[in-house]
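Given next are the chains, with one letter for each unit.
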Amino acid sequence: MTQIKEKSMDLIRQMPEEHMFYVIDMLQNLKISIADKENDKKQAMAAFQNLQKFRGRLPENFDADKELEEARNEKYGNPG
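A. Main features of the overall build of the chain. Scanning the chain from terminus to terminus reveals three helices and zero strands. Going from the N terminus to the C terminus, the chain shows its helices and strands as α-α-α. Its C-alpha atoms give the chain a radius of gyration of 27 Å, more than 25% over the compact-globule value 12 Å for 80 residues. Expressed along its principal axes, the backbone C-alpha trace of the chain runs to roughly 75 × 30 × 15 Å. Relative to its 80 residues, the chain shows a buried fraction of 2%. Counting every atom, the chain has about 8,200 Å² of accessible surface; 55% of that belongs to carbon and sulfur. Side chains of the chain carry 13 positive and 15 negative charges; the gap between the two charge centres is 5 Å.

This is the structure we're talking about:
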């Protein structure tokens, strides 16, 4: 057992039995939190991989600002 786990176990052994409910509750919440963070990371990586599939599909001369302006003009009319 690692030193940190041994220290943790010693602290738990020193706690009164009636407080063990709180220790268990904290550990369960920590476990859930860690699992949620891992799941979030997996989802983020999957989204990134999905975006990578579209990399390089636009022409080199693509002007995003011009396209956005044209789309706005088409939808809302030409200002001015």
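That shown, we press on.
B. Seen up close, helix α3 (residues 64–76). Here α3 is 13 residues long and its end C-alpha atoms lie 18 Å apart, about the 18 Å a rise of 1.5 Å per residue gives. The backbone nitrogen of D65 has a side-chain oxygen 3.2 Å away, supplied by the residue at the start of α3, namely D63. A positive phi of about 90 degrees marks G77, the residue just after α3.

Conventions used here
Residues numbered from 1 in each chain as written. Predicted model: local features only at pLDDT ≥ 70, side-chain atom pairs only at ≥ 80, totals over all residues. Heavy atoms only, no water. Helix = DSSP H or I, 4+ residues; strand = E, 2+ residues; numbered from the N terminus. Rg over C-alpha atoms; globule rule 2.2 N^0.38 Å. Buried < 20%, exposed > 50% of the residue type's maximum accessible area, 1.4 Å probe, protein only. Areas by Shrake-Rupley, 256 points an atom, 1.4 Å probe, with all protein chains shown as cover. Lys, Arg positive; Asp, Glu negative; His and termini not counted. Charge placed at Lys NZ, Arg CZ, Asp CG, Glu CD. Expected span 1.5 Å × (residues − 1). Polar contact = N/O pair within 3.5 Å; in protein donor to acceptor, adjacent residues only side chain to side chain.

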